[in-house]
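Residues per chain, in single letters:
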Amino acid sequence: MVNHHKIANILYLWILSMVGFIIILPSMNNLYSGIINSMPSTYLMLTQAIITTGIYATIGSLLAPRIGFNPPIISYILNKQKIYPPIRKQIYYSTIFGVIGAVILFMTSAEFSIYLKQFSIISRITGAGLYEEVMARWFLMSFFVWIFWCIFNRKSTNPKNIIIWLGIIVSNLLFIIGHYPAISILISDNLLILKMFSWMFIITLPWGWLFWKFGIECVIIAHSIFHVVFILLQL
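Quick look at the structure, then.

Criteria and cut-off values
- Residues numbered from 1 in each chain as written.
- Predicted model: local features only at pLDDT ≥ 70, side-chain atom pairs only at ≥ 80, totals over all residues.
- Heavy atoms only, no water.
- Helix = DSSP H or I, 4+ residues; strand = E, 2+ residues; numbered from the N terminus.
- Rg over C-alpha atoms; globule rule 2.2 N^0.38 Å.
- Buried < 20%, exposed > 50% of the residue type's maximum accessible area, 1.4 Å probe, protein only.
- 1 Å grid on protein atoms, 1.4 Å probe; cavity = no way out; pocket = protein on both sides within 12 Å on 5 of 7 lines; lining within 4 Å.
- Points joined across faces, edges and corners; volume = space filled by probe spheres on them.
- Nonpolar A, V, L, I, M, F, W, Y, C, P; charged D, E, K, R; others polar.
- Axes fitted to C-alpha atoms, helices over the stretch in contact; angles between N-to-C directions.
- Parallel < 35°, antiparallel > 145°, perpendicular 65-115°, else oblique.
- Left-handed = near helix turned anticlockwise from the far one by under 90°.
- Contact = heavy atoms within 4.5 Å.
- Patch = residues over 30% accessible without salt bridge, like charges linked within 9 Å, V, L, I, M, F, W, Y side chains within 5 Å.
- Areas by Shrake-Rupley, 256 points an atom, 1.4 Å probe, with all protein chains shown as cover.
- Salt bridge = Lys/Arg side-chain N within 4 Å of Asp/Glu carboxyl O.
- Core = buried A, V, L, I, M, F, W, Y, C linked by side-chain atoms within 4.5 Å.
- Polar contact = N/O pair within 3.5 Å; in protein donor to acceptor, adjacent residues only side chain to side chain.

**Regarding the overall build of the protein**
The number of helices and strands found in the protein is 10 helices and 0 strands. For the protein, the succession of helices and strands along the chain, N to C, is α-α-α-α-α-α-α-α-α-α. Taking 235 residues into account, the globule formula puts the C-alpha radius of gyration at 18 Å, and the protein, at 18 Å, falls close to it. Viewed in the frame of its principal axes, the protein has a C-alpha envelope of about 50 × 40 × 35 Å. Each of the 235 residues in the protein was classed as buried or not, and the buried ones make up 49%.

Right, dumping it as structure tokens:
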């Protein structure tokens, strides 16, 4: 396995997630401004984001090599090694899961279409994938895989597949639930939200597998392709 350049990984993923947050910030401000009388200042929100994205990038970069996950592309570049798995293979699987997920969710949840229309096209295609995948996969999934490995499987050299799948499921569940505050602004029926969340959970669960097998860039690409296809379906 290629060596992880931890400092480079931290800076690289910190920058990616901060760029993603900055892109989606205007849409989030518009969404919440109608219900929150006193919104935090942009400077305060950016300061908080610098801290939280730094935590996501740092913890993920410390844990990913311990649990045997692939490093981000920056480590391959610094090691002067070929990217593995190859970019072409990553794009292939990202496209499959991104397209299928978009079609399924478009057909099963009209409410999700209502929710996504509150966000700009650029925030959906770029910002969401950069910010959310560093948080959900690089940080949360790595953290839970490591925690479950320490609790249930620490004598093994690497986490067993069942431990990794447990981490995928728990982190993905938290990722989906994290959408509730924003979605509940637009949709008051919790049963409809539960239905939407069920489909969101199903179509994003394979994204954890993408991260496990191919790396963080692969799942970011899948997230972006999902939104590109969803936008086209909404036309």
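**Looking at the layout of surface pockets**
Of the voids in this model, the largest pocket is the one considered here, and its volume is about 760 Å³. Taken together, 36 residues make up the lining of the largest pocket; nearest its centre are I24, M28, Y131, E132 and G178. Elements with a contribution of two residues or more to the lining of the largest pocket: α1 (6-33), α2 (42-63), α5 (110-116), α6 (121-152), α7 (161-177), α8 (180-186), α9 (190-214) and α10 (216-234). With 7 residues, the single largest contributor to the lining of the largest pocket is α6. Of the residues assigned to the lining of the largest pocket, the class counts are 25 nonpolar, 9 polar and 2 charged.

**Focus on the packing of α6 against α9**
Following both chains from N to C, one finds α6 and α9 inclined at 70°, their axes separated by 11 Å at the closest point. As summarised for this structure, α6 and α9 are arranged roughly perpendicular, according to the angle between their axes. Here α6 runs over α9; the crossing is right-handed. Note on element contacts: α9 touches α6 through T204, W207, G208, F211 and W212, opposite E133, R137, W138, M141 and S142. Tallied by class, residues from the contact of α6 with α9 come to 5 nonpolar, 3 polar and 2 charged.

**Observations concerning a nonpolar patch on the surface**
A cluster of nonpolar residues, V99, V103, F106, M107 and L233, forms a patch on the protein surface that exposes about 400 Å² of accessible area. Within the secondary structure layout, F106 lies in helix α4 (residues 87-108).

**What about the nonpolar core?**
The tendency in soluble globular proteins is for nonpolar side chains to be buried as a group. Counting residues in each nonpolar core, the largest one holds 62 residues, and the members touching the most others are F69, F112, Y115, M141, I183, M200 and F226. Ranked by the residues each element gives to this core, the list is headed by α6, at 13 residues. Excluding anything up to four places from it in sequence, Y115 contacts L31, H179, A182, I183 and L186.

**Section: the side chain of E133**
Its place among the elements puts E133 in helix α6. Relative accessible area serves as the criterion here: at 0%, E133 is assigned to the buried category. At 2.6 Å, the side chain of E133 forms a polar contact with the side chain of H223. Among residues more than four places away in sequence, those in contact with E133 are A128, W138, W207, I216, V219, I220 and H223.

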